[in-house]
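# Structural characterization, general
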Amino acid sequence: MELLSRSIRKIGPMGGYQFARQICRNQPRILMYHRFSDSPVKGWASSECFEQQVRHIRERYNPYSLVGLMKYHREHGRMPPHAVVITVDDGYRDFYEHAFPILQRHGVPATLFATTGFIDRRLWLWPDKITWILDQLSHVSREFTIGSFKVSEGALNGESRSELWKRLIAHALSLPDEVKHEFISGLACALGLVFPDEIPESFAPLCWNELKRMQEAHIEIGGHTVTHPSLGRVTEAQARDEIFGCRDALNQHLGQQDRTFCYPNGQPSDFQPFLPDLVREAGFLGAVTAFPDAQGISDRYLMRRHASGDNMFQFHKAVSGFELLGHRVKGDRKFELEFSPT
Ligand SMILES: [Zn+2]
């Protein structure tokens, strides 16, 4: 009995993946990655794991960059069969060190979404500031509050640290953009910490030359705003500056190109109805969210993505279309409103 259930668990998904791959052959899947490393780090794609995934994509699917997929659709009036797109957010240097050589080796294109103020080294990505603050501490010596956020006294070990990190990120995301920055500075100040002038190596961005080299080697460099705010927490004028400013920086440093766009954080609460129109007006050919649901990629300015990284089970679910089918069966729709531009 034991053996039977183990076998079903093992063979079931394999058959399920095959089935999903066939059913979803005309529904491209967009995979989402963030960070890469040489050795295993939780949530990051290690070189070994990523190479296995890239090889699988090369052998079983048709890999495209996102802009390549959009252009294919424009030229043929349909999507290519078995298409898969690898996308990577933010613009960290580890992409160049660990992922790019693997993509090159297997001739697989991808899309990297760059936060241009980060590439310019004018700012750190703000979640990294929260990570850095917690990395400096082994305990919080006194209870304090910043606005409505309370930090309790106590040791910071693995679990309590990640719990506090999640609460801090969620709180920061709920704030208007400038209040968020004040909150993060206030937190550092309350803990007696001063941010280093230079971005620490572990949070370092790519430079423009590296982006240029990758663009010449079939990596699309897409837009991801200038400062990585939640676009659900900014005014329309700020959103315009973030989207158009990012486009201008990319074109100035990398030359005029067709590109796509990625909404920072990309959850349903990070959207406002005017955003897809702004992104389209800026000339981006499409845009992606950071969550999947039953909609798939039917709305070109709100194309859903599937998480990938170090977890091979999640990778197979995502790449095969199994996850997409699951959402379709349940009729999952994450947006109340359809923001789709007409
Ligand atoms: Zn991002």
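Residues numbered from 1 in each chain as written. Predicted model: local features only at pLDDT ≥ 70, side-chain atom pairs only at ≥ 80, totals over all residues. Heavy atoms only, no water.

### Quick look at the coordination of the zinc ion
The zinc ion binds to the protein through Asp-90 (OD), His-224 (NE2) and His-228 (NE2); the donor distances cover 2.0 to 2.1 Å. One chain supplies every donor for the zinc ion, spaced along it as D-x133-H-x3-H. Residue Asp-90 is located in strand E5 (residues 83–90), and its partner His-224 is located in the loop between strand E11 (219–223) and helix H10 (236–254); the two are separated by 134 residues in the primary sequence. Taking the relative accessible area as the measure of exposure, His-224 reaches 1% and is therefore buried. (Donors = N, O, S within 2.8 Å, 3.2 Å for Na, K, Ca; no water. Helix = DSSP H or I, 4+ residues; strand = E, 2+ residues; numbered from the N terminus. Buried < 20%, exposed > 50% of the residue type's maximum accessible area, 1.4 Å probe, protein only.)

### Describing the side chain of Arg-21
Along the chain, Arg-21 turns up in helix H1 (residues 2–23). The buried charged residue Arg-21 lacks any salt bridge partner; its closest oppositely charged side chain belongs to Glu-59, at an N-O distance of 10 Å. With near-sequence residues (within four places) excluded, Arg-21 lies in contact with Arg-60, Tyr-61, His-82 and Ser-320. (Lys, Arg positive; Asp, Glu negative; His and termini not counted. Salt bridge = Lys/Arg side-chain N within 4 Å of Asp/Glu carboxyl O. Contact = heavy atoms within 4.5 Å.)

### Looking at the packing of aromatic side chains
By the definition in use, this model includes 16 aromatic pairs. With 5.7 Å between their ring centres and 15° between their planes, Tyr-96 and Phe-100 make a pair best called stacked. You can see Tyr-96 and its partner Phe-100 sitting in helix H4 (residues 94–106), 4 residues apart, about one turn around the helix. With a relative accessible area of 17%, Tyr-96 lands in the buried category. (Phe/Tyr/Trp six-rings, centres within 6.5 Å; stacked < 30°, edge-to-face > 60°.)

### A few points about the domain arrangement of the chain
Its domain assignment divides the chain into domain 1 (15–122 + 202–330) and domain 2 (126–190). Facing the 11 residues of domain 1 at the interface are 12 residues of domain 2. Buried surface at the junction of domain 1 and domain 2, both sides included, amounts to about 820 Å², of which 49% is carbon and sulfur. Linking domain 1 with domain 2 are 5 residue pairs in polar contact (both at pLDDT 80 or more). (Domains from an automatic or database assignment. Buried area = accessible area lost by both parts, 1.4 Å probe. Polar contact = N/O pair within 3.5 Å; in protein donor to acceptor, adjacent residues only side chain to side chain.)

### Topic: the environment of Gln-267
Tracing the chain through its elements places Gln-267 in the loop between strand E12 (261–262) and helix H11 (275–281). Sequence separation of Gln-267 and Phe-144 is 123 residues, and the distance between their C-alpha atoms is 30 Å. Apart from the residues lying within four places of it in its own chain, the contact partners of Gln-267 are Ala-290 and Phe-291.

### What about helix H7 (residues 158–174)?
For H7, with 17 residues, the first-to-last C-alpha span of 25 Å sits near the 24 Å given by 1.5 Å per residue. Considered for burial, the residues of H7 that qualify are Leu-164, Leu-168, Ile-169, His-171, Ala-172 and Leu-173. For H7, the secondary structure elements touched by its buried residues are helix H6 (126–135), strand E9 (149–151) and helix H8 (177–190). (Expected span 1.5 Å × (residues − 1).)

### Comments concerning the pairing of strand E1 (residues 29–33)
For E1, the tally of buried residues reaches 5 of 5 residues, placing the bulk of the element in the interior. Of the two faces of E1, both are covered, the one formed by Arg-29, Leu-31 and Tyr-33 as well as the one formed by Ile-30 and Met-32. Of the strand pairs in this sheet, E1 and E5 are connected by 5 bridges, and their pairing is parallel. Residue pairing for E5: Arg-29 is matched across the bridge by Val-84. As paired strands, E1 and strand E14 (residues 306–307) are joined by 2 bridges and run parallel to one another. Across the sheet, Leu-31 pairs through a bridge with His-306, a residue of E14. (Pairing = 2+ DSSP bridges.)

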